[in-house]
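Geometric and topological summary
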Amino acid sequence: MTPSRKQAVRRTAVLRREAVVTTVPVAVAALLAAAGPAAAGTTGSSGAGDPYFPLAGNGGYHVAHYDLTLGYDPRTGHLDGRAVLTARATQRLTRFDLDLDGLKVTAVTVDRIPAQYRREGQELVVTPRAALPAGREFRVAVTYNGTPEPVTDPDGSDDGWIPTSDGAFVAGEPQGAMTWFPANGHPVDKSSYDFTITVPDGTTAVANGLYLGRRTADGRTTFRWRQPEPMAAYLATATVGKFQVQQYTTADGLKVYNAVDPREASAAAPVLKKLPSVLAWETKLFGPYPFRAAGAIVDHAPKVGYALETQTRPLYDKAPDLGILVHESAHQWFGDSVSLTRWKDIWLNEGFATYAEWLYSEQHGGDSAQETFDDLYARPSGDRLWAYPPGDPGNGKNIFGAPVYDRGAMALHELRTAVGDRVFFRILRAWATGHRHGHGTTERFAALAQKESGKNLTGLFHTWLFAQGKPGKPEAPTAS
Ligand code: ARG
Ligand code: ZN
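Residues numbered from 1 in each chain as written. Chains lettered and ligands numbered in written order. Predicted model: local features only at pLDDT ≥ 70, side-chain atom pairs only at ≥ 80, totals over all residues. Heavy atoms only, no water.

A closer look at the overall build of the protein
Operational definition: For helices the rule is a DSSP run of H or I covering at least 4 residues; for strands it is a run of E covering at least 2, with both sets numbered from the N terminus onward. Within these notes, the globule rule equals 2.2 Å times the number of residues to the 0.38 power, and the radius of gyration is based on C-alpha atoms. Burial classes: relative accessible area under 20% of the type maximum marks a residue as buried, over 50% as exposed, and values in between as partly exposed (1.4 Å probe, protein chains only). Accessible areas in this description were obtained via Shrake-Rupley with a 1.4 Å probe; residue shielding takes into account the shown protein chains only. Within this scheme the basic residues Lys and Arg register as positive and the acidic residues Asp and Glu register as negative, but His and the chain ends are omitted. Lysine's charge is taken at NZ, arginine's at CZ, aspartate's at CG and glutamate's at CD.
The helix and strand inventory of the protein stands at eleven helices and 22 strands. For the protein, whose C-alpha radius of gyration is 22 Å, the value lies close to the compact-globule estimate of 23 Å for 480 residues. Seen through its C-alpha atoms, the protein measures out along the principal axes to roughly 65 × 55 × 40 Å. Of all 480 residues assigned to the protein, the portion counted as buried reaches 59%. With an accessible surface of roughly 18,200 Å², the protein has 53% of that area assigned to carbon and sulfur atoms. Distance between charge centres in the protein, computed from 50 positive and 50 negative side chains, equals 5 Å.

Now the structure itself:
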């Protein structure tokens, strides 16, 4: 079954500040060091500088790897955690922050030496015994425990560690990673991950990337997972529940691991069967699939109300329809591999994933993208679709609204209409390939589209991404 137009327009609600790898020149580092701990700029900032989520992420370091060891008991809701972060200081640091919301911290070490720490709202403020010079690689270990709870987002939805009847639905967009591990919780910082998760026997713990195996002892089972490619913290999961598991390798060599709640199994089966063909179709359109692993987690979490493109293995709150499977799969390229630099650019994730649904329908006997566009365009100027422009949603409350998903996809459709199919698909591919495992911004996307097409697209992007209200009838762009 192909997604109907209704499904295609269904979603009513649902900084790489250049990856901060700046190495401070030795002379400057020496100067800063000489200035001593009182000098300005030796404490890492409490946020990554994103106006939508000012405390998300932290300044002063980059995390290369997270090693997370978790134990969860669904009966009590208790989580035991130990996180070892391998990081690099991007400036001299006498002190730095991690994001952690709730939970009790019992020990923090930096390079195995006990460090001072204090809690300040969602910040875990760490003061290592000795200052870390700029460029230094260091290891922070945090031991913690407690009853994790989701965070309520500005739009009223919950994300983070969300307990379910048989475990937990763990989805962190935009800010929930901090509810279950100490994180540099902004997509500007991407890292590899190892997960070791222990749950009661008979329960399964599913994370991102490659399944490394499990071991059972004393009534508890430990699952090991590895995400080798860089991942933003919000895309990490450690979803726990009673799941039916299916594993196979695709013709393209992808390791697929599906975990399905038995209550959703019969509804999910026909859709999950299409995962390899959907990924192959998207690979043809967007370029090579960015990861070694794939799959799905289909939970039964009626209170959640959304799915998330958790890296390599999207997480569904119920059996997905084909449109949503296509959407979350497209995010593997747009959002997961090519990450946001700031939340304001969220249409680069949601507009693209929504447009993938339109394309899938068009190429599988459903409505054409033009029909879907026309259907939306017919909505009156007072409709909430036109409430704000997708390129500037204004605040964190608006990032998952219809203008971002649907008008974002409309912007892409207008681009396609202006430059023609050949150039349009070349742009999509160049975007995914050129920023693979990196970051993008709206400005960079516009510049790429302009360069690939040789057309002046300033007016088009202004109209569809930044202008308030319903755009007037599209005009043909001029050659630049
Ligand atoms: N990125 C997800 C999707 O479009 C939606 C996440 C919504 N998150 C939230 N906290 N409401 O599939
Ligand atoms: Zn999405």
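That shown, we press on.
Digging into the coordination of the zinc ion (ligand 2)
For clarity, the cut-off: Shown as donors are all N, O and S atoms within 2.8 Å of a metal ion, widened to 3.2 Å for Na, K and Ca; because water is not in the atom set, sites may appear incomplete.
Around the zinc ion (ligand 2), the protein contributes the donor atoms His327 (NE2), His331 (NE2) and Glu350 (OE), at 1.9 to 2.0 Å from the metal centre. If you list the donors of the zinc ion (ligand 2) from N- to C-terminus, the spacing comes out as H-x3-H-x18-E. Here the residue histidine 331 occupies a position in the loop between α5 (322-330) and β21 (339-340), and glutamate 350 occupies one in helix α6 (residues 347-363), the gap between them amounting to 19 residues. With respect to class, histidine 331 is no different from glutamate 350; both count as buried.

Describing the pattern of salt bridges
Applied cut-off: Put simply, a salt bridge is a Lys or Arg side-chain nitrogen that is within 4 Å of an Asp or Glu carboxyl oxygen.
Evaluated as defined, the whole model comprises 13 salt bridges. Salt-bridge contacts for arginine 118 lead to glutamate 120; the nearest nitrogen and oxygen are separated by 2.6 Å. You can call arginine 118 partly exposed: its relative accessible area is 39%. Among the salt bridges present, the one from arginine 342 reaches aspartate 345, with a minimum N-O distance of 3.2 Å. By sharing partners, the salt bridges in this structure join Asp166, Asp261 and Arg263 into a single network.

Examining the pairing of strand β4 (residues 104-110)
The side chains of a regular strand alternate between both faces of the sheet. Keep this limit in mind: At least two bridges found by DSSP between two strands are what make those strands a pair.
Pairing geometry for β4 and strand β8 (residues 137-146), over six bridges, is antiparallel. Counterpart to valine 108 in the pairing with β8 is valine 142. In this antiparallel pair of consecutive strands, β4 and strand β5 (residues 113-114), the connection spans two residues, and aspartate 111 shows a positive phi of 50°.

What to know about the sheet that holds β4
Two orientations exist for strands paired in a sheet by backbone hydrogen bonds: parallel and antiparallel. Taking strand neighbours across the sheet as the criterion, the eight strands line up as β5-β4-β8-β2-β1-β12-β15-β14 in an open arrangement whose pairing is mixed. Only two strands of the sheet have a single partner each, and these edge strands are β5 and β14 (210-217). Strand direction decides the pairing type here: strand β1 (residues 61-73) and strand β2 (residues 78-89), joined by twelve bridges, are antiparallel. The residue bridging glycine 71 from the neighbouring strand is aspartate 80, located in β2.

Section: the pairing of strand β19 (residues 293-298)
Of all six residues in β19, six are buried; the element is thus mostly enclosed. Burial along β19 is two-sided: Ala293, Gly295 and Ile297 facing one way and Ala294, Ala296 and Val298 facing the other are all buried.

Section: the sheet that holds strand β18 (residues 255-260)
Applicable threshold: Contacts were defined at the residue level, with two residues in contact if any of their heavy atoms lie within 4.5 Å. Axis lines are fitted to C-alpha atoms, over the contacting stretch for helices. Their N-to-C directions set the angle, which ranges from 0 to 180 degrees.
The four strands are arranged β17-β18-β19-β20 in an open sheet whose pairing can be described as mixed. Edge positions in the open sheet fall to β17 (244-249) and β20 (315-316), since each of these has one partner strand only. Against the sheet, helix α3 (residues 265-272) touches β17, β18 and β19, its axis set at about 160° to β18.

Observations concerning the site of ligand 1
Spelled out, the test is: By convention in these notes, a residue is near a molecule or strand provided one of its non-hydrogen atoms lies within 4 Å of it. Between N or O atoms, a polar contact is any pair within 3.5 Å; within protein, one atom must be a potential hydrogen donor and the other a potential acceptor, and residues adjacent in sequence are included only when both atoms are from side chains. Three classes are used, and their members are as follows: Ala, Val, Leu, Ile, Met, Phe, Trp, Tyr, Cys and Pro are nonpolar, Asp, Glu, Lys and Arg are charged, and the others, Gly among them, are polar.
The immediate surroundings of ligand 1 are formed by 16 residues, with Glu173, Glu309, Glu328, Glu350 and Tyr405 found nearest. Within the side chain of glutamate 309, an N or O atom sits 2.8 Å from a nitrogen atom of ligand 1. Tyrosine 405 is positioned such that a nitrogen or oxygen atom in its side chain is 2.7 Å from an oxygen atom of ligand 1. Protein coverage of the free-state accessible area of ligand 1, which is 350 Å², stands at 100%. The class makeup of the residues in the shell around ligand 1 is five nonpolar, three polar and eight charged.

Quick word on the nonpolar core
Selection criterion: In this text, buried Ala, Val, Leu, Ile, Met, Phe, Trp, Tyr and Cys residues form a nonpolar core when linked through side-chain atoms within 4.5 Å.
Counting residues in each nonpolar core, the largest one holds 141 residues, and the members touching the most others are Phe96, Phe138, Trp180, Phe181, Phe195, Leu415 and Phe445. Once you skip the residues sitting within four places of it in the chain, tryptophan 180 turns out to touch Leu68, Leu70, Leu79, Leu103, Tyr144, Trp161, Val170, Phe195, Ala236, Thr237 and Ala238.

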